[in-house]
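Summary of structural features
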Amino acid sequence: MDPTSAPPRRATCPRCQRPASACLCALARPARHQAQVLILMHPLEVGHAKGTGRLLHLCLPHSRVLVGEAFEPQALAQALAEPWNDADRAAPRRALLLYPPAPPGGPLPAAPAPPLPADWLAEPARLRLVVLDATWRKSRKMLWANPALQRLPRLALHGVPASRYAIRKAHAPHQLSTLEATQLALQKLEPGNTGLATLGEAMDAFVAGQRALWPAAMLGASNNTP
């Protein structure tokens, strides 16, 4: 073998952007939902075998993924507010951030987040839920690095169930995978939407597949995302 030659590149699925041997597409369970979901994916999550952000995107027809940590302000502002369809042009979406009022384990941002207007919750079809796909530590850095995110009203989860994601270490029982947290958030925004149950089915299928790949000694708790 020529030592100067580059190793062959692994085949990648063009849809989920994972190696063909670890393709997520068969695990996706499309869900009905009204609120749009903007997934801000930390670069370290892009190729992470245990990350659930890409699977979440595959399950949500009204979702988009933007990869980065400290986003260019104009690009982020556009991602938060730009219309995704004709209906958005007629009635612009209202962006809210899925995140606790105070970042866990870290100092508060320079200014507190504005309150979430109660009338917003009555119209989930007008909402764009912003989700940080990152560990807790990385999500705090993303929040600090992007003032536009600090200015968004926040949707917090309370009394969350224990995570089913037993393949990634967490530092507290309430820390859920990105997919689990987003499912709970959408159920809070759309309480009568039974179609969101498919997200739980996708999560179960993903965990089952990962359990077969990772030794029991590597099993932890959950992904570290709100």
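You'll find the structure just up there.
So, here's what we can say about the structure. (Residues numbered from 1 in each chain as written. Predicted model: local features only at pLDDT ≥ 70, side-chain atom pairs only at ≥ 80, totals over all residues. Heavy atoms only, no water.)

A word on the overall build of the protein chain
Stated formally: Segments assigned H or I by DSSP are reported as helices when at least four residues long, segments assigned E as strands when at least two residues long, and all are numbered from the N terminus. Burial classes follow relative accessibility: with a 1.4 Å probe on protein chains only, a residue under 20% of its type's maximum area counts as buried, one over 50% as exposed, and anything between as partly exposed. The criterion used for residue contact is that any of the two residues' heavy atoms lie within 4.5 Å.
Counting secondary structure elements, the protein chain contains eight helices and five strands. In sequence order, the protein chain lays out its α and β elements as β-α-α-β-α-α-β-β-α-α-β-α-α. Within the protein chain, buried positions represent 46% of all 226 residues. For the protein chain, contacts bridging at least 24 residues in sequence account for 82% of all contacts bridging at least 6.

Side note on helix α5 (residues 136-145)
Taken residue by residue, α5 has Trp136, Lys138, Ser139, Arg140, Met142 and Leu143 as its buried positions. In this structure, the buried residues of α5 make contact with β1 (36-41), α1 (43-46), β3 (94-98), β4 (127-133), α6 (147-150) and β5 (154-155).

Quick word on the pairing of β4
The element β4 is largely enclosed, with a buried count of seven among its seven residues. Of the two faces of β4, the one holding Leu127, Leu129, Val131 and Asp133 and the one holding Arg128, Val130 and Leu132 are both buried throughout.

Focus: the sheet that holds β5
Going by this rule: Here, any two strands with at least 2 DSSP bridges between them count as paired. Helix axes are fitted to C-alpha atoms over the stretch in contact, other axes to C-alpha atoms as well, and angles between N-to-C directions run from 0 to 180 degrees.
Taken together, the five strands give an open sheet; going across it, the order is β2-β1-β4-β3-β5, and neighbouring strands pair in parallel fashion. The open sheet has two edge strands, β2 (63-67) and β5, and neither has a second partner. Pairing between β1 and β2: five bridges, direction parallel. Across the sheet, Val37 pairs through a bridge with Ser63, a residue of β2. Packing against the sheet, helix α3 (residues 73-81) makes contact with β1, β2, β3 and β4, and its axis sits at approximately 130° to β4.

Side note on α3
We count it as follows: Directions pointing from the helix axis toward each C-beta atom define the arc. Throughout this description, a polar contact denotes any pair of N or O atoms lying within 3.5 Å of each other; where both atoms belong to protein, one of them has to be capable of donating a hydrogen while the other can accept it, and for residues adjacent in sequence the pair is counted only when both atoms sit in side chains.
Along α3, the residues that are buried comprise Leu76, Ala79 and Leu80. Projected down its long axis, α3 shows its buried positions confined to an angular sector of 100°, all on one face. Opposite the packed face of α3, turned more than 90 degrees from it, sit the exposed residues Gln74 and Ala81. Looking at the buried side of α3, the elements it contacts are β1, β2, β3, β4 and α6. N-capping of α3 is provided by Glu72, with a side-chain oxygen placed 3.0 Å from the backbone N of Gln74.

Examining the pairing of β1
Each regular strand shows side chains that alternate between the opposite faces of the sheet. The element β1 is largely enclosed, with a buried count of six among its six residues. Every second residue of β1 is oriented toward a common face, with Gln36, Leu38 and Leu40 on one face and Val37, Ile39 and Met41 on the other, all of them buried. By the bridge criterion, six bridges tie β1 to β4 in an arrangement that is parallel. Across the sheet, the residue bridging to Leu40 is Leu132, located in β4.

Details of the environment of Pro100
Summarising the element assignment, Pro100 is placed in the loop between β3 and β4. Taking the relative accessible area as the measure of exposure, Pro100 reaches 21% and is therefore partly exposed. Taking the C-alpha atoms as reference points, Pro100 and Ala156, 56 residues apart in sequence, are found 4.9 Å from one another.

Re the pattern of salt bridges
This is how the line gets drawn: We count a salt bridge whenever a side-chain nitrogen from Lys or Arg sits within 4 Å of a carboxyl oxygen from Asp or Glu.
Under the defined criterion, the tally for this structure stands at six salt bridges. For the salt bridge of Lys141 with Glu69, the shortest nitrogen-to-oxygen distance reads 4.0 Å. With a gap of 72 residues between them, Lys141 in helix α5 and Glu69 in the loop between β2 and α3 connect regions that are remote in the sequence. What makes Lys141 partly exposed here is its relative accessible area of 41%. As a salt-bridge pair, Asp88 and Arg93 come within 3.0 Å of each other at their nearest N and O atoms. Accessibility expressed as a relative area gives 4% for Asp88, which makes it buried. A network of salt bridges, in which partner residues are shared, links Asp88, Arg93 and Arg128.

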